[in-house]
Amino acid sequence: MTIFGLWVVNKAGGLVYQRNFADGLAPLTSNEYLVLAGTLHGIHAITSRLSPVGSSSGVQVIEAETFKMNILLTVTGTKFVLLTSLADTSADTILQKVYDIYSDAVMKNPFHTPEMPIRSDGFDTRIGTLIGNGQT
Amino acid sequence: MTIYSLYIYDRHCTCVYYQDWHRTKRPKPAVEGGILSAVSQAVSPITPANNDGLVTSGFASPRHTLSSNTGVVVAVGESKNQLPTAPQTQPFAGSSTAGLPFDEEAKLVYGVVISLRNMVKKLSLRDEQFVNYCTSAYKLHLFETVSGYKFIMLSDPKADSLRFVLRQIYVGPFLEYVVRNPLVKMDSREQGIDNEYFRASVDRLIRGLSVFA
């Protein structure tokens, strides 16, 4: 079970945090990550409208052949995206913990501007201890 | 667990076939010119020809089965009545049509699938396919053929991967009643691939699955 990366997408679809852990996915430039985060934001909005039965949430898990993307949408509209291997089952709990850390280390930080890229050593180190090198 | 709907798109991004089963939120009929003819009678723009529910003869009909009065024998010993009746003979009976018009919905489904496919290709080191995604209410599965046909199925979120089912539809009914059917103009960009045998055969295959209940 491997964790490849973590993205934090703000409520407008901008990528405010991106970090890679284990190798296994293509290395992209920061611009490419920004584009992908924006696309994901759009897809998330559309998927909730395509429900064949009643109302639906946006997309929660996207699966490819060797990896999956787990998406946690908070009530404030921030999205946490965790890229893991297919066999991984801990993604939900990890995302919840990332949200906890985000609330503590980013939202309570008086020097942080909301909706702007996260530049906080405290957040970085705590995410580092939570996920490590991405191997579980 | 259940299966909600099936969409087939050709390589020109157009929806050529649609069928649904347990949808409680059905799409509205497409606007005139929004979809090709012969995609699905249930979502075709409502015209007097569609309202009587009868298949007229020849190519003008939404289905490609020639009626017996044309003098061409299409199949012997099989009358229409023996085929399982498609659930769409009474469009929208007993379900709300609060959804989007079908042509809009078809475009959204295709857009989502293409964007996800590109995203997965970009993130992956090798040329990898997007397989499925799930939300709280449904799960979408994709199977793409080498010829660019995309088979998309919506099912219950708890269902396992249904890629093999989509492959079965391609290998079985699709090859038999669409590719090998001289009356279906594939890749025409003018009409879909709906015909009675294909619809009945897909219906039988889906209803026979253990996830369909």
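Keep in mind it's a predicted model, so treat the numbers as computed, not measured. (Residues numbered from 1 in each chain as written. Chains lettered and ligands numbered in written order. Predicted model: local features only at pLDDT ≥ 70, side-chain atom pairs only at ≥ 80, totals over all residues. Heavy atoms only, no water.)

### Details of the pairing of strand S5 (residues 79-85) of chain A
All names here are of chain A.
Point 1. In terms of burial, S5 is largely enclosed, as seven of its seven residues are buried.
Point 2. Here seven bridges tie strand S4 (residues 67-73) to S5, and the two strands are oriented antiparallel to one another. In the strand pairing of S5, leucine 73 is matched with lysine 79.
Point 3. Following S4, the chain reverses through five residues before pairing antiparallel with S5; glycine 77 in that reversal takes a positive phi of roughly 95°. (Buried < 20%, exposed > 50% of the residue type's maximum accessible area, 1.4 Å probe, protein only. Helix = DSSP H or I, 4+ residues; strand = E, 2+ residues; numbered from the N terminus. Pairing = 2+ DSSP bridges.)

### Regarding the sheet that holds strand S5 (residues 150-155) of chain B
Point 1. The strand order across the open sheet formed by 10 strands is S2(A)-S1(A)-S5(A)-S4(A)-S3(A)-S3(B)-S4(B)-S5(B)-S1(B)-S2(B), and the pairing between neighbours is antiparallel. Both edges of this open sheet fall to strand S2 (15-20) of chain A together with strand S2 (15-20) of chain B, since each of them pairs with a single strand only. Sheet twist, expressed as the mean angle between neighbouring strand axes with direction ignored, is 15°.
Point 2. Pairing of strand S1 (residues 3-9) of chain A with S5(A), which is carried by six bridges, proceeds in the antiparallel orientation. (Axes fitted to C-alpha atoms, helices over the stretch in contact; angles between N-to-C directions.)

### What to know about the pattern of salt bridges
Point 1. Applying the stated rule across the entire model yields 15 salt bridges over all chains.
Point 2. As a salt-bridge pair, A:Asp104 and A:Lys108 come within 2.9 Å of each other at their nearest N and O atoms.
Point 3. Residue B:Lys158 pairs with B:Asp156 through a salt bridge whose shortest N-O separation is 3.9 Å.
Point 4. Overall, B:Lys158 belongs to the exposed group, its relative accessible area being 63%.
Point 5. B:Asp156 sits in the buried class, given a relative accessible area of 10%.
Point 6. One salt-bridge network, held together by shared partners, links A:Asp104, A:Lys108 and A:Arg126. (Salt bridge = Lys/Arg side-chain N within 4 Å of Asp/Glu carboxyl O.)

### So, unusual backbone geometry
Residue and element names in this part refer to chain B.
Point 1. Positioned with a positive phi, cysteine 13 is a non-glycine residue whose angle comes to about 70°.
Point 2. Residue position: cysteine 13 is located in the loop between strand S1 (3-9) and S2.
Point 3. Unlike most non-glycine residues, arginine 189 shows phi in positive territory, near 65°.
Point 4. With respect to the element layout, arginine 189 can be found in the loop between helix H3 (163-179) and helix H4 (196-207).

### What about the side chain of A:His44?
Point 1. Along the chain, A:His44 turns up in helix H1 (residues 30-47).
Point 2. Apart from the residues lying within four places of it in its own chain, the contact partners of A:His44 are A:Gly58, A:Val59, A:Ile71, A:Leu73 and A:Lys79. (Contact = heavy atoms within 4.5 Å.)

### Some remarks on the interface of chain A and chain B
Point 1. Chain A puts 35 residues into the contact, and the matching count from chain B is 32 residues.
Point 2. Between chain A and chain B the total buried area reaches about 3000 Å² when both faces are included, carbon and sulfur atoms providing 67% of it.
Point 3. Interface area lost by chain A to chain B is led by A:Leu50, A:Pro52 and A:Glu65, which between them contribute 23%.
Point 4. Remark: the boundary between chain A and chain B carries two salt bridges.
Point 5. The closest approach of N and O atoms between B:Lys122 and A:Glu32, which form a salt bridge, is 4.0 Å.
Point 6. At the junction of chain A and chain B, the tally comes to 15 residue pairs in polar contact (both at pLDDT 80 or more).
Point 7. Those elements giving two or more residues to the side of chain A that touches chain B turn out to be H1, strand S3 (61-64) and S4 of chain A.
Point 8. No other element matches H1(A), which puts eight residues into the side of chain A that touches chain B.
Point 9. Per-class residue counts for the side of chain A that touches chain B are 20 nonpolar, 11 polar and four charged.
Point 10. As paired elements, S3(A) and strand S3 (residues 130-134) of chain B share four bridges and run antiparallel to each other. (Buried area = accessible area lost by both parts, 1.4 Å probe. Polar contact = N/O pair within 3.5 Å; in protein donor to acceptor, adjacent residues only side chain to side chain. Nonpolar A, V, L, I, M, F, W, Y, C, P; charged D, E, K, R; others polar.)

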